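# Results of the structural survey
Residue strings, one per chain:
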Amino acid sequence: MTTALNRKAPTAPGKLPVLGHSLSLLRPDRVGYFTALRSIGDLVEIKIGARPYVLLNSPELVRDALLEQGSSFDRGRIFEKARPYVGDGLFTSQGTEHLRQRRSVQPAFHHARLDSYAGMMADIARRHVSAWQPGDTLNADHEMHVLASEIIGRTMFQSPLAREVIQLCSDELPTLVQGLGVRTVLPDFFTQLPLPVNRRYDAACAKFRDAARRLVDSYRESGGGGRGDFVSMLMEARDAKTGVAPTDTEIRDQIMTLLISAIETPATTLAWALYELASAPEVRAQLEEEADRVFHGDVDLAELRVTEAFVLENLRLHHPLWMLMRRAVRPVTVGGVHLEAGTEVIYSPAAMHRDPAIFPDPMRIRPERWLGDGPTPEMQRAFVPFGLGRRQCMGDAFAMIQMKISVAAVAAGSRLSLPAGFRPKTVTTSVVRLAELPMIVGAR
Ligand code: HEM
């Protein structure tokens, strides 16, 4: 959707010397900040330090940049900030190298594999929920991190070290995600300062790198691949043109990429889902009825219709990613604004999902939006939980299965409630999450 207007994007109010809009981007309600900027325009300039970023604040502009003009954009600042942690894997690679890496990882997400993962996920989730005892008070956000870590650890790593990786992810991933979030919105000099947040981030990065290295070494010591899992698949992969195998550094970087992409987002979404389950008894009753009816033995995922609608609604209202970035690789015009090569653009799935013109009563969980006649075409265009285009989430189907199964296991196996007077408080790092989520276990 390009026009020949060549206008300039208006600058967001509240710009400070040196910091630009960094402080606005550090406030707790960053999704609300982006939503409010819609009143200024659908393209708005924001500064992080002295560097300008253009916020694309409408579904049409986001689709134009990511789909129609997708080849004109590649990774932006957020991914550079992730490089010390994830190296040069799928997350940070660009252009043809990115496409090559995507092809090499693709078999791990093939639908035939997803079917076998579903059975494992159901076992893990049922076991996890059955350990909760009536009367216990859970840190439900942590529980969902442990569950998501278990699911990745057990489905992707057939290794005695899997338990260690699961523990590391449960304990350290939030530190990493917080450090990355802070680095993205503050000027570069900040990362050089000897602050606790920087030290904790560096220490967490080192632990993950070490775990990935030991994982790769342990496969090599026992003869390489052959276990039919993620690491074996990478070890056995050969480049279609050159026949060259990936190096151990490349394999380690893909492991790191998987760990950072595959745990925090479903865990955070699931924590919100548990909060909503406890807050809306009529929705909970529907989910419990469905789980009692169909969540037995080998689960037919297609039968979990209300559960799926509930998961979609949580991805809409509580989308974990408040900001994603791209960088123009050549001069390009979006929404009538000319962007030079190198211009960084931002979009926010979370803000797009709360537009009242598209999702009436946006702050309420209403699974019925996704049932019956289904979402309207406007909703479909604005709903981008897994991104769009060449960088679209590789784990989208995996994540949907995992979240449906996790919600169904909770609905079938326990009844969680919130302590009297609990008020949700959000914190925003790289993701928007609940600051705390104490939940009391009740019997079903
Ligand atoms: C609620 C769960 C999840 C959400 C909301 C989510 C969302 C996203 C989004 C929006 C992107 C695109 C980022 C961009 O455009 O810059 C992405 C990329 C990615 N996701 Fe997910 N994701 C989820 C779960 C998962 C899981 C479970 C896996 C793996 C098992 C995974 C693997 C990946 C990978 C590898 C990429 C990078 C793709 C590339 O750069 O080519 N994600 N995810």
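Because the structure is a prediction, the values reported are computed rather than measured.

About the thresholds
Starting afresh in each chain, residues are numbered from 1 along the sequence in its written order. Only residues with pLDDT of at least 70 are given local features in this predicted model, and only at 80 or more are side-chain atom pairs given and counted; all residues enter the totals for whole chains, interfaces and linings. Think of the side-chain values as coming from all heavy atoms in the structure, minus any hydrogens and water. UniProt positions are given in the numbering used here, feature names are shortened, and annotations may be inferred rather than shown by experiment. In this text, helices come from DSSP runs of H or I with a minimum length of four residues, and strands from runs of E with a minimum of two, each type numbered from the N-terminal end. Side-chain rings of Phe, Tyr and Trp (the six-membered ring for Trp) are treated as a pair once their centres are within 6.5 Å; stacked means planes under 30 degrees apart, edge-to-face means over 60, and tilted covers the remaining angles. A simple rule labels every residue: compare its accessible area, found with a 1.4 Å probe on the protein chains alone, to the largest value its type can have, and call it buried under 20%, exposed over 50%, or partly exposed in between. The set of buried Ala, Val, Leu, Ile, Met, Phe, Trp, Tyr and Cys residues whose side-chain atoms join them within 4.5 Å is what this entry labels a nonpolar core. Every residue pair with non-hydrogen atoms within 4.5 Å of one another is taken to be in contact. For salt bridges, the criterion is a side-chain nitrogen of Lys or Arg within 4 Å of an Asp or Glu carboxyl oxygen. To be near a molecule or strand, a residue needs just one of its heavy atoms within 4 Å of it. Each polar contact in these results corresponds to two N or O atoms within 3.5 Å; when the atoms are within protein, one needs to be able to donate a hydrogen and the other to accept it, and residues that are neighboring in sequence are counted only if both atoms are side-chain atoms. Amino acids outside the nonpolar list (Ala, Val, Leu, Ile, Met, Phe, Trp, Tyr, Cys, Pro) and the charged list (Asp, Glu, Lys, Arg) are all regarded as polar, and Gly is one of them. Put simply, a patch holds well-exposed residues, over 30% relative accessible area, that have no salt bridge, with like charges counted together within 9 Å and Val, Leu, Ile, Met, Phe, Trp or Tyr side chains within 5 Å. For the area figures, the Shrake-Rupley method with a 1.4 Å probe applies, and any residue is considered shielded solely by the protein chains shown. Only when DSSP finds a minimum of two bridges between them are two strands counted as paired. Fitted lines through C-alpha atoms serve as axes, helices being fitted only where they are in contact, and the angles separating the N-to-C directions of these axes extend from 0 to 180 degrees.

### Section: the UniProt feature "binding site: heme" (unreviewed entry) in the protein
When the UniProt feature table is mapped onto this chain numbering, "binding site: heme" (unreviewed entry) sits at Cys393. Counting through the fold element by element, Cys393 comes out in the loop between α15 (377–382) and α16 (396–413).

### Description of the packing of aromatic side chains
Taken as a whole and assessed by the stated rule, the structure comprises 7 aromatic pairs. Judged by centre distance (5.8 Å) and plane angle (25°), the rings of Phe34 and Trp322 are stacked. Of this pair, Phe34 sits in helix α1 (residues 30–37) while Trp322 is found in the loop between α13 (305–317) and β5 (324–328), placing the two residues 288 residues apart along the sequence. Looking at Phe34, the relative accessible area reads 0%, which means it is buried. Look at Trp322 and you get buried, because its relative accessible area is 2%.

### Re the nonpolar core
In globular proteins that are soluble, nonpolar side chains generally tend to be buried together. If you look at the biggest cluster of nonpolar residues, it comprises 108 residues, and the most contacted ones within it are Tyr85, Phe157 and Leu259. No other element matches the 11 residues that α16 contributes to this core. Sequence-distant contacts of Tyr85, defined by excluding residues within four places in its chain, comprise Leu173, Leu176, Tyr201, Cys205, Phe208, Arg209, Met256, Leu259 and Ile260. Counting residues in hydrophobic clusters, the runner-up holds 21 residues, among them Ala12, Leu25, Tyr33 and Tyr53.

### Some thoughts on the pattern of salt bridges
On inspection of all chains with the given rule, the structure shows 25 salt bridges. Measuring nitrogen to oxygen at the nearest pair gives 2.9 Å for the salt bridge that ties Arg100 to Glu97. With a gap of 3 residues between them, Arg100 and Glu97 both fall in helix α4 (residues 95–105), about one helical turn apart. Owing to a relative accessible area of 22%, Arg100 belongs among the partly exposed residues under this scheme.

### Describing the site of the ligand
Taken together, 32 residues lie around the ligand, and Arg75, His98, Arg102, Arg326 and Cys393 are the ones closest in. The contact in question runs from an oxygen atom of the ligand to an N or O atom on the side chain of Arg75, over 2.9 Å. Sorting the residues of the shell around the ligand by element identifies α4, α10 (248–262), α11 (264–279), β5 and α16 as the ones contributing at least two each. Tallying contributions element by element places α16 first for the shell around the ligand, with 4 residues. Classifying every residue of the shell around the ligand gives 19 nonpolar, 9 polar and 4 charged.

### With respect to a nonpolar patch on the surface
Taken together, the side chains of Val18, Phe189, Leu193 and Leu195 define a hydrophobic patch exposed on the protein surface, amounting to about 360 Å² of accessible area. Relative to the assigned elements, Leu193 resides in the loop between α7 (162–185) and α8 (196–221). Of the residues examined, Leu193 reaches a relative accessible area of 35% and is grouped as partly exposed.

### Structural notes on the sheet that holds strand β12 (residues 438–442)
The 3 strands lie next to each other as β4-β12-β9, forming an open sheet whose pairing is antiparallel. Of all strands in the sheet, those bounded by a partner on one side alone are β4 (137–139) and β9 (415–417). Sheet twist, expressed as the average angle between the axes of neighbouring strands with direction ignored, equals 40°. Pairing of β9 with β12 involves 3 bridges; the strand directions are antiparallel. Bridge pairing links Leu416 to Val441 in β12.

### Some thoughts on the sheet that holds β5
What holds strands together in a sheet is hydrogen bonding between their backbones, with the strands either parallel or antiparallel. Spatially, β1-β2-β8-β5-β3 is the arrangement adopted by the 5 strands of the open sheet, whose pairing is mixed. In this open sheet, the two edge strands, each paired with only one partner strand, are β1 (43–48) and β3 (73–75). The average undirected angle you get between the axes of adjacent strands in this sheet is 40°. Of the pairings in the sheet, the one linking β1 to strand β2 (residues 51–56) comprises 6 bridges and is antiparallel in character. Bridged to Glu45 within β2 is Val54. Most of the contacts of α1 go to β1, to which it runs at about 135°, and overall it touches β1, β2 and β8 (344–347). Sheet strands touched by helix α3 (residues 77–86): β1, β2, β3, β5 and β8. Its angle to β5, the strand with the most contacts, is close to 105°.

### Details of the pairing of β8
Going residue by residue along β8, you find Glu344 and Ile346 tucked away on one face and Val345 and Tyr347 tucked away on the opposite face as well. For β2 and β8, the ladder comprises 3 bridges, and the chain directions are parallel. Bridge pairing in β8 places Tyr53 opposite Glu344. Bridging between β5 and β8 involves 4 bridges; their strand directions are antiparallel. Looking across to β8, one finds that Met325 is bridged to Ile346.

### Some words on the side chain of Asn57
By secondary structure assignment, the location of Asn57 is in the loop between β2 and α2 (59–68). A polar atom in the side chain of Asn57 sits 2.9 Å from the backbone oxygen of Phe34. Apart from residues no more than four positions distant in its own chain, Asn57 is found in contact with Phe34, Leu37, Arg38, Gly41 and Asp42.

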